[in-house]
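# Survey of secondary and tertiary structure
Each chain, letter by letter, is given below.
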Amino acid sequence: MDYCVSVFGADPSGQKLSTTAIQEAIDACAAAGGGRVVVPAGHYLIGTLWLRSWVELHLAHGAVLQASSSLADYNDEDAYPQNFHSDAEEWNGKHLIIAHECEQIAITGSGVIDGSGPVFYAPPIPWNAYCWREGLALAKDKKALRPGQMLAIIACNHVTIRDVTLQNATCWNCFLHGCSFVQVRGIKVYNPRVAANTDGIDIDTCRFVTVSDCIIDTGDDAIALRCDGERLSHCDSVCEYVTITNCVLSSSSSVFRIGVGSGTVRHVRVSNITIGRGAVGMMFMGYWTYGKFSHLHDIHFSDVSAADLAHPLQIHGGAGATFSRISVTNYTAEAGAMTSICANEAGWMRDIRLQNIHVTLRDNPEASTERDFEDRGGFFFYAENAEGLVLENVQIDCRDVDDTKWRDRQLICNCPRLQGDITFYP
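Notes on the structure in this doc start here. (Residues numbered from 1 in each chain as written. Predicted model: local features only at pLDDT ≥ 70, side-chain atom pairs only at ≥ 80, totals over all residues. Heavy atoms only, no water.)

With that settled, the discussion passes to a negative patch on the surface. Residues Asp76, Glu77, Asp78 and Asp87 make up a contiguous surface patch of negative charge. Residue position: Asp78 is located in the loop between strand S7 (63-67) and strand S8 (97-100). On the accessibility criterion, Asp78 (65% relative accessible area) is exposed. (Patch = residues over 30% accessible without salt bridge, like charges linked within 9 Å, V, L, I, M, F, W, Y side chains within 5 Å. Areas by Shrake-Rupley, 256 points an atom, 1.4 Å probe, with all protein chains shown as cover. Salt bridge = Lys/Arg side-chain N within 4 Å of Asp/Glu carboxyl O. Lys, Arg positive; Asp, Glu negative; His and termini not counted. Charge placed at Lys NZ, Arg CZ, Asp CG, Glu CD. Helix = DSSP H or I, 4+ residues; strand = E, 2+ residues; numbered from the N terminus. Buried < 20%, exposed > 50% of the residue type's maximum accessible area, 1.4 Å probe, protein only.)

So this is what it looks like as structure tokens:
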């Protein structure tokens, strides 16, 4: 059964808050055993909405849910036990749409969810020539900060997010934390390229997830796979059985970020990806904050094409993080910085395979500061403490690079069972 929010008094002009009216429609739908809540064409000003089990929130073509600019219209920070905030990153624990411990929920339709990000961000500050190249914008209000994740889907089972557009978020656009049986398909994410922490999709300590046919152009990571499950009451900090395919992605930071948290990310397949721009095409990281390290296992990328990158690939282990059975196959990239595969100590990283890789390397004419060159790296390719590294048909075209501005073309050291090498042109 459909429940139209207009019947409950939602204002399509955007002149007054429609939070109560839309929430009443959601609650009535849930009380009747479930169904679909329809938001017709119009502009609806809202604060925090709570999804309920067995409810589909459907945004019709031309419908816009517009986030309020007043933090008083959002949830309290202790609204649910797993909630958190980040003073360091300057976002609070307030969210636009929350689903907490729900079953069988969906957000669908060709409408728009707009986080009103420009209201909460200060003007951007310069960063460097390889990461956040157009500058970095942080919170305007350094005390109240800016709202956190726009969609906070927490400890839910059987989740569908399909076809909607997410834009102007103040933090991560779509945060899936401790969820199972998730389908994200055909969504579009658009955020200012300078807006900090505006990740497209964050899949954190989830199981059985598919992401397909999405277009994401954002400031921070386009897609992140995390294993930060400490706040979850029922979880063992494992993110697993994830497939990502047929997506077009761009980011001012890492296009893919794999890691973050004290847990494991494993059994991941990523394929048929087009990257428009990024600071790092694929970032595997095992260490983010003090005392937390990740284990990454059985993760495979294939058929990826990337333009306008800094670093094509970074696989960085440290502080006890372990990596194994990671492969990248059929990867073509245009880039301006170093590819690096390294662990702090031997034994932490093994069985990394690069197959059919072609990188066209170009110097960045805007790089001029010491910080720029430190971020870029001194070698075209660097590997250290990677046991069982396999390099099969790996080519780096460096005809447009001034070798005198680099320390050397490659440095490979302490990599037992190394197979293959790299072909440089010319």
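With that settled, the discussion passes to the pairing of strand S9 (residues 103-108). Here 3 bridges tie strand S6 (residues 55-59) to S9, and the two strands are oriented parallel to one another. Each residue of the ladder has a partner; that of Leu57, found in S9, is Ile107. In terms of strand pairing, S9 meets strand S12 (residues 157-162) through 5 bridges, oriented parallel. Considered in S12, the bridge of Glu103 is made with Asn157. (Pairing = 2+ DSSP bridges.)

Once that is clear, we can look at the side chain of Asp114. Looking at the element boundaries, Asp114 is found in strand S10 (residues 112-114). Buried and without a salt bridge, Asp114 has Lys140 as its closest oppositely charged side chain, separated by 13 Å. A polar contact of 3.0 Å, which involves the side chain of Asp114, links it to the side chain of Asn168. Other than its neighbours up to four places away in sequence, Asp114 contacts Val64, Leu65, Gln66, Ala67, Leu96, Met150, Gln167 and Asn168. (Polar contact = N/O pair within 3.5 Å; in protein donor to acceptor, adjacent residues only side chain to side chain. Contact = heavy atoms within 4.5 Å.)

Cis geometry is found at the peptide bond from Tyr425 to Pro426, where omega equals -5 degrees. Locating Pro426 in the fold gives a position in the segment after strand S31 (419-425). In the Ramachandran plot, Asp163 falls in the positive-phi region, its phi being about 75 degrees despite a non-glycine side chain. Residue classification places Asp163 among the partly exposed positions, given a relative accessible area of 34%. Located in the positive-phi region is Asn393, a residue other than glycine, with phi close to 55 degrees. Tracing the chain through its elements places Asn393 in strand S29 (residues 390-400).

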